[in-house]
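Each chain, written out:
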Amino acid sequence: MTIQTLHDGWYLRAVPGPQVPAEIAEVRVPATVPGCVHTDLLAAGLIPDPYLDDNETGLAWIGRTDWVYETTFEWDGGEDPRVDLVCAGLDTVATVLLNDVEVGRTANMHRGYRFDVRDLLRVGENVLRVRFESAYRYAEAQRTRLGELPNAYPEPFAFIRKMACNFGWDWGPTLVTAGIWQEIGLHSWGVARLASVRPLVTVADGAGRVEVHVEVERASDEPLTVHATVDGVRAEAVLAPGERTAVLTATVASPRLWWPRGYGEQPLYPLDVALQGPDGAVRDTWSRRIGFRSVRLDSGADEHGSAFTIVVNDLPIFARGVNWIPDDAFPTRVDRPRYARRFAQAVEANVNLLRVWGGGRYESEDFYELADELGLLVMQDFLFACAAYPEEEPFASEVAAEATEQVTRLASHPSLVMWTGNNENIWGWHDWGWQEQLGDRTWGAGYYHEVLPGIVGALDPTRPYWPGSPWSGSPDRHPNDPSYGSMHIWDVWNRVDYVHYRDYVPRFVAEFGYQAPPAYATLRRALSDESLAHDSPGMAHHQKASDGDAKLRRGLDAHLPAPRDFDDWHYLTQVNQARAIALGIEHFRSHRPVCMGAIVWQLNDCWPVTSWSAVDGDGRRKPLWYALRRVFADRLLTVQPRDGGLAVVAVNETARPWTGAAEVSRLTLTGQPRAKLSIELDVPAYSAVTVPLPVELAVAEEPRRELLLVDSDGGEAERALWFFAEDRDVEYPSGAYGVTAERVDGGLLVRVTAETILRDLTLFPDRLDPAAEVDNALVTLLPGESATFLVRSGEPLDPKDLARHPVLRHVNDRAS
């Protein structure tokens, strides 16, 4: 097998149409492959950055235009009898022509295509063209043919196998792409090639077993030999003339087990597969790294309903997770270093699971390889989200081909622990008025309950499959029943206050979230509003959620002082987001083992936007990120309402028992004790223990002037706080403090000493230098206490500026 990549010398041009701007209509634009039309036009200076201001709106014509990519390449006329043009990813509706002869057509961004072009190639110069039809025109034509289907957004994304969020979402821009978005090249081969390799890894009785399922494509009917090697163990199979499949089994005695992060190490073993012809010459090879681990989903019935617990190596795992969306609207801009930065942010926030949401894409090998290395579990949605999807042709065949390719491609990755049929579509059919609109038409149920589980069961029975997120495990129950299976919580945020997270004791919550704006430096880069306001033109355009601004205000009104200006609004909405999600996670974790997963919506953003993310579209951490790091810690102390009173819950997500004392104090805001109690903690490994508090601690004499503090001996967990009144009602003193700063390698150490209580003290150094960041946030200090912050920046900062409003903030500041 020899490979000639075809990534150079490409140009693109718009097919003429009334929507194409005159300055672009006749232009031959240099194209980067892999890439897309938007990024090429941007690189050529022909369009403005679609992420800035409302530029997105003026670029809608791109998605309604046909585009032609063209390159020339040399071919030396090799002797191999087969030469295939391999297109790993075309976005989306494409006609491929080689030397003016049509090679094939495609209509699925989520799979690859292979065309035998040996007879079309010329020795010397060849011309390759790929014409992309407007995704809008294709999808709208399919919608007209099949009839309108219900969905959450007024776009035709369900009628094309393409990244759905390209058509806009409640956090994303409408930027409908086209282009050669993955590798393209000529694969020359003879005798045979490895068409697919699918390793199924299991562990039983201390031994690791690798079943390597191999499929070959033949150019001749000669005997072939396939061998696989892992950890020094070699397995071999001979394919007689005409045979195309083989299964090789290698057993590794006592392998080191792969574990999720926080539960053990992540050893990876190279698995090498080679295909030999009758002369012993190697014709093709395949290599991946695998991990030895078992995984199952415990969905058994119990006294609470039915479980939803991921079990790895026979150990039930509490999923401390985040939802993952495409990190950029233009996927080719997300390279391995960018994935690594985002994954590092997840790991540093004590996350152990990523859920790849069904409105995006099947991620690149870099994504899953990094997850393997870091021990991040992956729940992977098949790509269906928030809509009824047609099951007629050509979609039925495309979905089956896509699922077959992706299940096979990802089988080697130990991080991948579950396939899920869709995002919210079963819930939508049940609750969103779809049944009346659909009548007896198809809507995707056949995919979720028959096609996809059939493919996973046949190709990868080592991993569990679940029909939807959410899904209660039975068509006889509401799909979002908290007592059964997985659930999403969206009445909080959409309709009710975040304290209502406590209304639920879910078995596994796969989505819940609360909004806040991005970092100030991100806003200033993306928006040219002369004066920022929550409803200024740029802010309004970069708020995509329905009534999002009103929902943010409703949340502020319920908890925090009224903002006096944009700086207040920005800080307080970010605080409120962090508090909302922290409250939810602490509540869910306190109910371990009934609840065994809390997956926050969402880790990341694809552009600068007000959204539910912890890390904004420029990669800056919001205060929520710091809250996640605290509440997802291995050991957690939290105060929870229980049976009309209060209780301390200690959560221990480690293999070691947690024993020792914890001091519980009811204090005034000035730090004076009103009541104290020492409690003994004895928390077994991987469990939670609840300790009810006596009334003298659980009830305040002056609720607006008191708080509860819980601190563990030895610093086993961060201390827990409970305020008896909302911040808007607390009789805070005007904040007073002292600040010192010391230059150290890598930045400034800023020490803040409280003279009064300082609630949710946070520094925002990005207001001084967009490259600046701080190591901690949302710190509450009592009088006399100090906190030290490390500020790193791209340029020297004046310590005095770090001590001033609006860089240094706390809820009870009274800056004018």
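Above: the structure in question.
Because the structure is a prediction, the values reported are computed rather than measured.

1. Considering the pattern of salt bridges
For step 1, the next point in the chain: Scanning all chains against the criterion turns up 63 salt bridges.
For step 2, the next point in the chain: One salt bridge connects Asp568 with Arg809, and the closest N-O pair in it is separated by 2.6 Å. Residue Asp568 is found in helix α15 (residues 566-590), and its partner Arg809 is found in strand β46 (residues 808-809); the two are separated by 241 residues along the sequence.
For step 3, the next point in the chain: For Glu731, the salt bridge identified is with Arg705, shortest N-O distance 2.4 Å. Of this pair, Glu731 sits in the loop between β39 (720-723) and β40 (737-744) while Arg705 sits in the loop between α17 (695-698) and β38 (706-712); the two residues are 26 residues apart in sequence, bridging distant segments of the chain.
For step 4, the next point in the chain: Accessibility expressed as a relative area gives 33% for Glu731, which makes it partly exposed.
For step 5, the next point in the chain: Residue Arg705 is classed as partly exposed on the basis of its relative accessible area of 40%.
For step 6, the next point in the chain: Taken together, the salt bridges that share partners define one network made up of Arg666, Arg674, Glu701, Glu702, Arg704, Arg705, Glu706 and Glu731.

2. Overview of the packing of α15 against helix α16 (residues 623-631)
For step 1, the next point in the chain: The contact between α15 and α16 brings their axes to 8 Å, and the two run at 20 degrees. Classified by the angle between their axes, α15 and α16 sit roughly parallel to one another. Pair α15 / α16 crosses with right-handed handedness. Each of Gln574, Gln577, Ala578, Ile581, Ala582, Ile585, Glu586 and Arg589 in α15 lies in contact with α16, whose residues at this interface are Pro623, Leu624, Ala627, Leu628, Arg630 and Val631.
For step 2, the next point in the chain: Its residues assigned to classes, the contact of α15 with α16 comprises 9 nonpolar, 2 polar and 3 charged.

3. Focus on the packing of helix α14 (residues 548-559) against α15
For any two helices packed against each other, one specifies the inter-axial angle together with the distance between the axes.
For step 1, the next point in the chain: Where α14 contacts α15, the axes come no closer than 10 Å and their chain directions differ by 80 degrees. Compared by their axis directions, α14 and α15 come out roughly perpendicular. Contacts between α14 and α15 involve Asp549, Leu552, Gly555, Leu556 and His559 on the former and, on the latter, Trp569, Leu572, Thr573 and Asn576.
For step 2, the next point in the chain: Class assignment of the residues belonging to the contact of α14 with α15 gives a composition of 4 nonpolar, 4 polar and 1 charged.

4. Some details on the sheet that holds strand β42 (residues 758-763)
For step 1, the next point in the chain: The 3 strands are arranged β44-β42-β46 in an open sheet whose pairing can be described as antiparallel. For this open sheet the edge positions go to β44 (779-781) and β46, each flanked by a neighbour on one side alone.
For step 2, the next point in the chain: Taken together, the 2 bridges between β42 and β46 define a ladder with antiparallel strand orientation. Residue pairing across strands places Leu763 opposite Leu808, the latter belonging to β46.
For step 3, the next point in the chain: Its contacts with the sheet place α15 against β42 and β46, and it is angled at close to 110 degrees to β42.

5. What to know about the environment of Val83
For step 1, the next point in the chain: Relative to the helices and strands, Val83 is located in strand β5 (residues 82-87).
For step 2, the next point in the chain: Looking at Val83, the relative accessible area reads 2%, which means it is buried.
For step 3, the next point in the chain: Spatially, the C-alpha atom of Val83 lies 64 Å from that of Leu761, the residues being 678 residues apart in sequence.
For step 4, the next point in the chain: In this view, Val83 contacts Trp75, Phe115, Asp116, Val117, Arg118, Leu121, Leu186, His187 and Ser188; residues no more than four positions away in its chain are not counted.

6. Quick notes on the side chain of Asp491
For step 1, the next point in the chain: Topologically, Asp491 is positioned in helix α11 (residues 491-494).
For step 2, the next point in the chain: Here Asp491 is buried and forms no salt bridge, its nearest opposite-charge partner Arg495 lying at an N-O distance of 4.7 Å.
For step 3, the next point in the chain: Excluding anything up to four places from it in sequence, Asp491 contacts Val496 and Tyr504.

7. Points about the packing of aromatic side chains
For step 1, the next point in the chain: Applying the stated criterion across every chain, the model contains 45 aromatic pairs.
For step 2, the next point in the chain: Residues Tyr113 and Phe115 carry aromatic rings whose centres are separated by 6.4 Å and whose planes lie at 5 degrees to one another, so their mutual orientation is stacked. Like Phe115, Tyr113 is buried.
For step 3, the next point in the chain: Among the aromatic residues, those joined into a cluster by ring pairs are Tyr153, Phe157, Trp169, Trp171, Trp357 and Trp601.

8. What to know about a negative patch on the surface
For step 1, the next point in the chain: On the surface, Glu663, Glu680, Asp682, Asp711 and Asp713 cluster together into a patch of negative charge.
For step 2, the next point in the chain: The class of Glu663 is partly exposed, set by a relative accessible area of 33%.

9. Focus: helix α10 (residues 445-459)
For step 1, the next point in the chain: Between its first and last C-alpha, α10 extends 21 Å over 15 residues, near the 21 Å set by a 1.5 Å rise per residue.
For step 2, the next point in the chain: Maximal helix bending in α10 amounts to about 30 degrees, located at Val451; proline Pro453 follows within four positions.
For step 3, the next point in the chain: Among the structural elements, β13 (192-204), α7 (395-409), β28 (416-420), α8 (425-431) and β29 (465-466) are those in contact with the buried residues of α10.

10. Side note on the sheet that holds strand β1 (residues 2-5)
Within a sheet, each strand pairs with its neighbour through backbone hydrogen bonds, oriented either parallel or antiparallel.
For step 1, the next point in the chain: Strand order in the open sheet formed by 4 strands is β1-β12-β5-β9, and the pairing between neighbours is antiparallel. The open sheet has two edge strands, β1 and β9 (113-116), and neither has a second partner. Across this sheet, the average inter-strand angle for adjacent strands is 25 degrees, counted without regard to direction.
For step 2, the next point in the chain: Sheet topology note: the β5/β9 ladder contains 4 bridges and is antiparallel. Looking at the pairing, Asp84 lines up with Asp116 of β9.

11. Remarks on the environment of Val730
For step 1, the next point in the chain: By the secondary structure assignment, Val730 is in the loop between β39 and β40.
For step 2, the next point in the chain: A C-alpha to C-alpha distance of 29 Å links Val730 and Ser613, two positions 117 residues apart in sequence.
For step 3, the next point in the chain: What Val730 contacts, discounting residues up to four positions off in sequence, is Leu669, Arg704 and Ala725.

12. Thoughts on the side chain of Arg161
For step 1, the next point in the chain: On the secondary structure map, Arg161 appears in the loop between α4 (135-146) and β11 (179-180).
For step 2, the next point in the chain: A residue is classified by how much of its surface remains accessible, and Arg161, at 3% relative accessible area, is buried.
For step 3, the next point in the chain: At 2.8 Å, the side chain of Arg161 forms a polar contact with the side chain of Glu402.
For step 4, the next point in the chain: Apart from the residues within four sequence positions on either side, Arg161 is in contact with Thr92, Ala107, Asn108, Met109, His110, Leu383, Phe384, Tyr389, Phe395, Glu398, Val399 and Glu402.

13. Some remarks on unusual backbone geometry
For step 1, the next point in the chain: Cis rather than trans, the peptide bond between Ser469 and Pro470 has omega equal to 5 degrees.
For step 2, the next point in the chain: One can find Pro470 in the loop between β29 and β30 (487-489).
For step 3, the next point in the chain: Of the consecutive residues His805 and Pro806, the connecting peptide bond is found in the cis state with omega at 5 degrees.
For step 4, the next point in the chain: Considering the arrangement of structural elements, one finds Pro806 in the loop between α18 (799-802) and β46.
For step 5, the next point in the chain: Phi angles above zero are rare outside glycine, and Cys386 is one such case at about 55 degrees.
For step 6, the next point in the chain: Owing to a relative accessible area of 5%, Cys386 belongs among the buried residues under this scheme.
For step 7, the next point in the chain: A positive phi angle is found at Leu778, which is not glycine, with a value near 60 degrees.

Procedures and definitions
- Residues numbered from 1 in each chain as written.
- Predicted model: local features only at pLDDT ≥ 70, side-chain atom pairs only at ≥ 80, totals over all residues.
- Heavy atoms only, no water.
- Salt bridge = Lys/Arg side-chain N within 4 Å of Asp/Glu carboxyl O.
- Helix = DSSP H or I, 4+ residues; strand = E, 2+ residues; numbered from the N terminus.
- Buried < 20%, exposed > 50% of the residue type's maximum accessible area, 1.4 Å probe, protein only.
- Axes fitted to C-alpha atoms, helices over the stretch in contact; angles between N-to-C directions.
- Parallel < 35°, antiparallel > 145°, perpendicular 65-115°, else oblique.
- Left-handed = near helix turned anticlockwise from the far one by under 90°.
- Contact = heavy atoms within 4.5 Å.
- Nonpolar A, V, L, I, M, F, W, Y, C, P; charged D, E, K, R; others polar.
- Pairing = 2+ DSSP bridges.
- Lys, Arg positive; Asp, Glu negative; His and termini not counted.
- Phe/Tyr/Trp six-rings, centres within 6.5 Å; stacked < 30°, edge-to-face > 60°.
- Patch = residues over 30% accessible without salt bridge, like charges linked within 9 Å, V, L, I, M, F, W, Y side chains within 5 Å.
- Areas by Shrake-Rupley, 256 points an atom, 1.4 Å probe, with all protein chains shown as cover.
- Charge placed at Lys NZ, Arg CZ, Asp CG, Glu CD.
- Expected span 1.5 Å × (residues − 1).
- Bend = angle between axes of the 7 residues up to and from the residue.
- Polar contact = N/O pair within 3.5 Å; in protein donor to acceptor, adjacent residues only side chain to side chain.

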